Amino acid sequence: MRAIDLLNPLEFLDINEIDEVDAGYLVIGSGIAGLRSALEIAAQDNVTIITKSEIIEANTRYAQGGIAVVYSEDDRFDLHIEDTMYAGAGLCELEPVEVLVKEGPARIDELININTNFDRKENGKLSLTKEAAHSKNRILHAGDTTGAEIERALTEEVKKKKNIKILEYNFLIEICGKNEAVVYDILKEKFLLMKCKAIIIATGSIGEIYQNSTNPEVATGDGIASAYRNGVEISDMEFVQFHPTTFYKKDVPRFLISESLRGEGGILRNNKNERFMLRYNSRGELAPRDVVARAILNEMELTSHECVYLDMTFKDKEHLFKRFPNISSFCMDYGIDISKDYIPVSPAAHYMMGGISTDIAGRSSVKGIYAAGEVARTGVHGANRLASNSLLEGLVFGKRAGESAISEYSEENIKEFKFTNKMKNREKIAGIKILEMRSELKKIMWENVGILRDERRLKSAFEKINEISIKLAGYSFGKDSIVKGVELINMLTVASLITESALLRKESRGAHYRLDYPEASNGWLIHTIIKK
């Protein structure tokens, strides 16, 4: 039984008044996919973007390495397609991969035309680097803050459009069919009923459900959870990518140490100063991320050490600090000069390959609800995302979702949602209790549904998630706990879906590794699907 099915956010809230808002088309999320879909729609109609923090606070902003695209004379579409399919461990779908790769250059041209400042060589040509599992140099970058630069350019472009309304600090409570959503205005402390022509979900990732994560605190799986509650098909949730290299220091938040450092020759060493990656894979440090993450975990266990180290000391200091200014500065804040000192690193939750099932037009299984970006399972990433394909996916399929929403709008069969306050006379839960439950969930997921899995730990996690869900179901949320409370419901929902999917897939493939089923099986060349 999924105890999460007891958790409907609207039943936890005392909503006495709700203001109706004509949103036009509603885009939920302000990362690369949401912004690109909004721009596409704005060419023809009105759009409202809601985001629960500032518009720039999205996973896009934290993408350091770059964006993959066939842009050089010695690269070809078929090579990028082949690299993507290889990394995806048998579960990539050819059609969406071809769409991604072949439409990529046009989307990059659009970014350049709105003054996105990618790094260039002295001759003015775009600078391209290589990352793990790429056969060619095809990673465009802007220092080590590529995502932030793209987010800046797209945000500035969005703000120029008079028919795009941006509502910051507006939190999705629940999607109510394809034409309405209940939203909470955090600053004004009031509820809104967004009336819309269609909904594009672009809420990003789920990393906050794990104790160690590269994601911002807002990444609580809100879009996936709400879509699930509305009967939308969810798939491949077992495939959570753990980034091999995040900065490790006790009591310091995890900070991404980009794969592009290894792309420029970075060497992984254990605490005995031994280079170890070639013992695990012939590609060494440029093996697929799942291989590198498991290798690091194994080295940490073999050496009884809390981390391994990334060696960049063979590179010139001036080059390192120019190419990786953000990483260099962060490390210096903790006394590490990356041109002289090894960088302590260990894995952390990073990216969700699964999510809302969509076709190549961004359509979900429910008419009028679209999804794009990390929240969607397009078939591009398979079981293990190829480095730097995520930003490109957000651009390509964000545009496509926007196109579909516009072209498929119809006033036929629009159901009016009648809001009723269903909250029972329950005790209001204290904010500290919500934070305790949240912390408990993150620990459960990290220890039981992390890089290494088995049936015993997965079943234990599922039972514990159910216990927390049942406990939470007896409470209601006061005004001071609306956001954290609904986030906890969403986190529990996503955690349950990941754990259930991981139990279903009795094999090891890509980012999903089971100690009790260590081999891949041809019988599992299928997607796991969950629907309420």
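Everything here concerns the structure above.
Owing to the predicted nature of the structure, the values given are computational and were not obtained by experimental measurement.

In this section: the sheet that holds strand β12 (residues 255-256). Taken together, five strands build an open sheet; the order of strands is β12-β11-β15-β14-β13 and the sheet is antiparallel. Single-partner strands in this sheet number two, and they are β12 and β13 (267-269).

A few words now on the layout of surface pockets. Estimated volume of the second largest pocket: approximately 350 Å³. In terms of lining, the second largest pocket is formed by 13 residues, of which the most central are R120, S127, H319, K322 and R323. Every element with two or more residues in the lining of the second largest pocket is listed here: β4 (128-129) and α8 (317-323). Tallied by class, the residues present in the lining of the second largest pocket amount to one nonpolar, five polar and seven charged.

On to the pairing of strand β11 (residues 240-247), then. Summarising burial for β11: eight of the eight residues are buried, a large majority. Inspection of the sheet shows β11 paired to strand β15 (residues 343-352) by six bridges, in the antiparallel sense. In the strand pairing of β15, Q241 is matched with Y351. Judged from the two bridges that link them, β11 and β12 form a sheet pairing that is antiparallel. The residue of β12 that forms the bridge with T246 is L256.

One way to put it is that helix α1 (residues 32-42) packs onto helix α4 (residues 146-160) with a least axis distance of 10 Å and a crossing angle of 30°. It follows that α1 is roughly parallel to α4 by the angle criterion. In terms of crossing hand, the pair formed by α1 and α4 is left-handed. Two secondary-structure elements touch here, α1 through I32, L35 and L39 and α4 through I150, E151, L154, T155, E157 and V158. Considered class by class, the residues forming the contact of α1 with α4 number six nonpolar, one polar and two charged.

What follows covers the environment of Y86. For Y86, the position within the fold is in helix α2 (residues 77-87). We classify Y86 as partly exposed; its relative accessible area is 44%. Along the sequence, Y86 and R385 sit 299 residues apart, while their C-alpha atoms lie 9.8 Å from each other. Setting aside residues no more than four positions away along its own chain, Y86 makes contact with R283 and P288.

Further remarks concern unusual backbone geometry. In this model, D236 sits at a positive phi of 60°, which is unusual for a non-glycine residue. By the element assignment, D236 lies in the loop between β10 (234-235) and β11. Even without a glycine there, the phi angle at S304 is positive, about 50°. Looking at the secondary structure, you find S304 in the loop between α7 (289-302) and β14 (308-311). S304 gets classed as exposed once you look at its relative accessible area, which sits at 69%.

With respect to the element layout, E259 can be found in the loop between β12 and α6 (260-263). Apart from the residues within four sequence positions on either side, E259 is in contact with E131, A132, H243, R289 and A387.

What follows covers the packing of aromatic side chains. Using the criterion set out here, one finds 11 aromatic pairs in the structure. Relative to F242, the ring of Y210 lies with its centre 5.4 Å away and its plane at 80°, an arrangement referred to as edge-to-face. Of this pair, Y210 sits in the loop between β9 (190-201) and α5 (222-229) while F242 sits in strand β11, placing them 32 residues apart in sequence. For the pair Y210 and F242, a shared accessibility class is recorded, and that class is buried. Consider the rings of F247 and Y334, whose centres lie 5.6 Å apart with planes at 40°: the pair is tilted. Remark: Y334 occurs in the loop between α9 (325-333) and β15 and F247 occurs in strand β11; sequence separation between them is 87 residues. Y334 gets classed as partly exposed once you look at its relative accessible area, which sits at 33%.

The full count for this structure, using the stated rule, is two cavities of 30 Å³ or more. Along its surface, the largest cavity is lined by V240, Q241, F242, R289, D290, A293, R294, N384, I451 and A511. Elements that contribute at least two residues to the lining of the largest cavity include exactly β11 and α7. Considering every element that reaches the lining of the largest cavity, the biggest residue donor is α7, with four residues. Around the second largest cavity sit A87, A132, A133, E259, P288, R289, N384, R385, L386 and A387, which together line it. Along the lines of polarity and charge, the residues of the lining of the second largest cavity split into six nonpolar, one polar and three charged.

In this section: α5. α5 sits mainly inside the fold: eight of its eight residues count as buried. Among all positions of α5, only D222, G223, I224, A225, S226, A227, Y228 and R229 are buried. Taken together, the buried residues of α5 touch β7 (170-175), β9, β10, β16 (355-357), α13 (482-504) and β21 (529-530). Downstream of α5 by one or two residues, G231 has phi in the positive range, about 80°.

So, on to the sheet that holds strand β18 (residues 376-377). Reading across from one edge, β18-β16-β10-β21 is the order of the four strands in this open sheet, with mixed pairing throughout. At either margin of the open sheet sits one strand with a lone partner, and together these are β18 and β21. The pairing of β16 with β18 spans two bridges and is classified as parallel. Its bridge partner lying in β18, I356 is registered against A376. Helix-sheet contacts for α5 involve β10, β16 and β21, and the interaxial angle to β16 is about 45°.

What follows is about the pattern of salt bridges. The final tally for this structure, using the stated rule, is 45 salt bridges. Two residues, R152 and E156, come together in a salt bridge whose shortest N-O distance is 3.1 Å. Linking R152 with E156, this pair stays in helix α4, spanning four residues, or about one helical turn. Judged by relative accessible area, R152 falls into the partly exposed class, the value being 26%. Under the relative-accessibility criterion, E156 is labelled partly exposed at 43%. Where K317 meets D337, a salt bridge forms, and the shortest distance between an N and an O atom there is 3.2 Å. Taken together, the residues K317 in helix α8 and D337 in the loop between α9 and β15 connect sequence positions 20 residues apart. Among the ionic contacts, a cluster of salt bridges with common partners joins K52, E208, E217, D222, R438, K442, K484 and E487.

Analysis parameters
Residue positions within a chain follow its written sequence, with the count starting from 1. Side-chain atom pairs in this predicted model are given and counted only at pLDDT of 80 or more, local residue features only at pLDDT of at least 70, and totals for whole chains, interfaces and linings cover all residues. Only hydrogens and water are set aside when side-chain values are computed; all heavy atoms of the structure are taken into account. For two strands to be treated as a pair, DSSP must find at least two bridges joining them. A helix here means a DSSP run of H or I that spans at least four residues, while a strand means a run of E at least two residues long, and both kinds are numbered starting from the N terminus. With a 1 Å grid spanning the protein atoms alone, the term cavity applies to any set of points in which a 1.4 Å probe fits but cannot get out, the term pocket to an open set with protein on both sides within 12 Å along at least five of seven lines, and the term lining residue to any residue with an atom within 4 Å of a point. Grid points are joined across faces, edges and corners, and a volume is the space filled by probe spheres set on the points. Three classes are used, and their members are as follows: Ala, Val, Leu, Ile, Met, Phe, Trp, Tyr, Cys and Pro are nonpolar, Asp, Glu, Lys and Arg are charged, and the others, Gly among them, are polar. Note on classification: 1.4 Å probe, protein chains only; a residue is buried when its accessible area is under 20% of the maximum for its type, exposed when over 50%, partly exposed between these limits. Angles here are taken between N-to-C directions and fall from 0 to 180 degrees, while the axes themselves are lines fitted to C-alpha atoms, restricted in helices to the stretch in contact. What sets the label is the angle itself: under 35 degrees gives roughly parallel, over 145 gives roughly antiparallel, 65 to 115 gives roughly perpendicular, and the rest give oblique. The crossing is said to be left-handed when, going from far helix to near helix, the turn is anticlockwise and less than a right angle, and right-handed when the turn is clockwise. Any two residues whose heavy atoms approach within 4.5 Å at even a single point are treated as in contact. Aromatic rings from Phe, Tyr and Trp, taking only the six-membered ring of Trp, are treated as a pair when their centres fall within 6.5 Å; an angle between ring planes under 30 degrees marks them as stacked, one over 60 as edge-to-face, and anything in between as tilted. We define a salt bridge as a side-chain nitrogen of Lys or Arg found within 4 Å of a carboxyl oxygen belonging to Asp or Glu.

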